[in-house]
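Letter by letter, the chains look like this.
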Amino acid sequence: MHLARFQAEPAIFAAPGRVNLIGEHTDYAEGFVMPAAIDFATLSGISPRTDGKIVLYSENYGQERAFEAAALPAMGSRHWTDYPLGVVAILAGEGHAIPGFSLSLWGDVPLGSGLSSSAAVEVATALAVLSLIGVSYPGPVLARLCQRAENEFVGANCGIMDQFISANGKQNHALLLDCRDLSFKLAPIPANVALVIANTMVRHSVAGGDYPTRRAESEAACAVIASHRPGVPFLRDATLEDLEKWGHEMTPKSLLRARHVISENLRTVAAAEVLAKGDLAELGRLMAEAHASYSRDFEGSCVEADAMVALAQDLPGLIGARLTGGGFGGCTINLVEQSQAAAFVEALGGRYAAQTGIVPQIHICHASGGAHRVK
Ligand code: GLA
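## Observations regarding unusual backbone geometry
In terms of backbone geometry, most residues other than glycine have negative phi values and most peptide bonds are trans.
No. 1: Despite not being glycine, Q7 has its phi angle at roughly 50°, a positive value.
No. 2: Turning to its location among the elements, Q7 is positioned in the loop between α1 (2-6) and β1 (11-20).
No. 3: In the Ramachandran plot, E30 falls in the positive-phi region, its phi being about 60° despite a non-glycine side chain.

Below you can see the structure in the form of structure tokens.
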């Protein structure tokens, strides 16, 4: 498609979406997350131009937009081009001279479903543009630049998780990522465990109001703790005892949000340990607890996601289920015994449709590698 549209052979890159096994709304608190890259991805094709223009084409939207490389906008305009353009703007801000180019994007990460389609676009764009200008960054640096594109240009207040796993995923593994220093441990996913991702079909958005509100509420709780214990710049450093001592100084909502974040951090570290030991029953228990905390304390779920999790509970082969990603819709992650996965998909889909009247999309995914050049 790129060749036909732009009459130039592109260099092609791929960046995956992700599913988070556990550790929700902990990344911007400098805590732990345990995501895996999945086999849905964004592909980017790039070729140079001589007219000083940056021409962005999305196959998914069937739309093309052109910008002057020498006069990039400073902020997004609530359009799909914000994501690729934001990356270009951040790279320009880093002092890289940006030449004209044509960039084509195509992806199969379901949009607005909490599987990080935006991070996949950002990382795929960054790899393409960096290769065009002959620069290479280590994966964690690449992730940080893409996160900045989303924070500073798109205007969405996300953490580092999605960009990090898209850039640094490892096949057959989740990563236990420490969002404080970006160090990580590989968490192997056993071959007999399938990642079943069930889309509630309720749209999720990080740019919407709920994500920043929850973030602000949890950060307000942290500020209360820090006023007593200055060594707590982030909820990562706080304990449940801190909440017992000073929770009464917080709004009831802030207290609940903080209780989720602090307990979720503990669960995430524990989940990586039990996964390493092969204790899948305990992993499932932690996922159930994580979902309850996300839904009840963080109020980050919705009726449909709660239903999707509840309807999975007694199906044969289920290890654990919870809502994944930024919340308020999107997908649940179900760890399921591989041999039962196909039947699980059938049964869950049927039950969810019967209860909600919505036909869900349910995918059996695999933990895949991070972003890379395709050709
Ligand atoms: C979205 C954000 C991430 C993270 C999750 C919640 O995916 O982009 O940074 O905060 O929500 O865990």
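## Section: the nonpolar core
Generally speaking, a soluble globular protein has its nonpolar side chains buried in company with each other.
No. 1: Formed by 45 residues in total, the largest nonpolar core has its most connected members in I46, L56 and F101.
No. 2: If we ignore the near neighbours within four places in the chain, the residues touching F101 are I46, S47, P48, R49, K53, I54, V55, L56, V88, V129 and L132.
No. 3: Counting 32 residues, the second largest nonpolar core, distinct from the first, contains I22, A187, A272 and L335.

## Observations concerning the environment of M75
No. 1: Topologically, M75 is positioned in the loop between β5 (63-68) and α2 (82-93).
No. 2: M75 gets classed as partly exposed once you look at its relative accessible area, which sits at 48%.
No. 3: Sequence separation of M75 and A290 is 215 residues, and the distance between their C-alpha atoms is 36 Å.
No. 4: In this structure M75 touches E152 and F153, once residues within four positions along its chain are discounted.

## Some thoughts on the side chain of D27
No. 1: Relative to the helices and strands, D27 resides in the loop between β1 and β2 (32-33).
No. 2: Of the buried charged residues, D27 lacks a salt bridge, with R215 as the closest side chain of opposite charge at 6.5 Å.
No. 3: From its side chain, D27 meets the backbone nitrogen of I160 in a polar contact 3.3 Å long.
No. 4: In contact with D27, other than residues within four places in its own chain, are V33, G159, I160, M161, C179 and Y211.

## Focus: the pattern of salt bridges
No. 1: Per the stated rule, a full pass over the model turns up 22 salt bridges.
No. 2: Of the charged contacts, one joins E30 and R180 as a salt bridge, the two residues approaching to 2.6 Å between their closest N and O atoms. With E30 in the loop between β1 and β2 and R180 in the loop between β7 (173-178) and β8 (183-188), the pair connects residues that are 150 residues apart, well separated along the chain.
No. 3: When the shortest N-O distance is used, the salt bridge between R351 and D314 registers 2.7 Å. One end of the pair, R351, is in helix α11 (residues 341-356); the other, D314, is in the loop between α10 (303-312) and β10 (318-323), and 37 residues separate them in sequence.
No. 4: R351 gets classed as partly exposed once you look at its relative accessible area, which sits at 31%.
No. 5: Residues joined by salt bridges that share partners form a network here, namely E264, R267, E282, R285 and E289.

## Quick look at the packing of α2 against helix α3 (residues 117-132)
No. 1: Interaxial distance between α2 and α3 falls to 8 Å at its minimum, and their mutual angle equals 45°. Judged by the inter-axis angle, α2 sits oblique to α3. By crossing handedness, the relation of α2 to α3 is classed as right-handed. Counting all contacts with α2, which are made through Y83, P84, V87, V88 and L91, the residues of α3 involved are S118, V121, E122, T125, A126, V129 and L130.
No. 2: Per-class residue counts for the contact of α2 with α3 are nine nonpolar, two polar and one charged.

## As for the sheet that holds strand β3 (residues 35-48)
No. 1: What the six strands build is an open sheet, ordered β5-β4-β6-β3-β1-β13; its pairing is mixed. Bordering the open sheet on either side are β5 and β13 (372-373), each of which pairs with just one other strand.
No. 2: Relative to strand β6 (residues 101-107), β3 is paired through seven bridges, and the arrangement is antiparallel. Looking at the pairing, G45 lines up with S104 of β6.
No. 3: Of the strands in this sheet, β1, β3, β6 and β13 are in contact with α3, which crosses β3 at around 40°.
No. 4: Packing against the sheet, helix α5 (residues 161-168) makes contact with β1 and β3, and its axis sits at approximately 125° to β1.

Calculation rules
Residues numbered from 1 in each chain as written. Predicted model: local features only at pLDDT ≥ 70, side-chain atom pairs only at ≥ 80, totals over all residues. Heavy atoms only, no water. Helix = DSSP H or I, 4+ residues; strand = E, 2+ residues; numbered from the N terminus. Core = buried A, V, L, I, M, F, W, Y, C linked by side-chain atoms within 4.5 Å. Buried < 20%, exposed > 50% of the residue type's maximum accessible area, 1.4 Å probe, protein only. Contact = heavy atoms within 4.5 Å. Lys, Arg positive; Asp, Glu negative; His and termini not counted. Salt bridge = Lys/Arg side-chain N within 4 Å of Asp/Glu carboxyl O. Polar contact = N/O pair within 3.5 Å; in protein donor to acceptor, adjacent residues only side chain to side chain. Axes fitted to C-alpha atoms, helices over the stretch in contact; angles between N-to-C directions. Parallel < 35°, antiparallel > 145°, perpendicular 65-115°, else oblique. Left-handed = near helix turned anticlockwise from the far one by under 90°. Nonpolar A, V, L, I, M, F, W, Y, C, P; charged D, E, K, R; others polar. Pairing = 2+ DSSP bridges.

Purely spatial values, then, with no claim about function.
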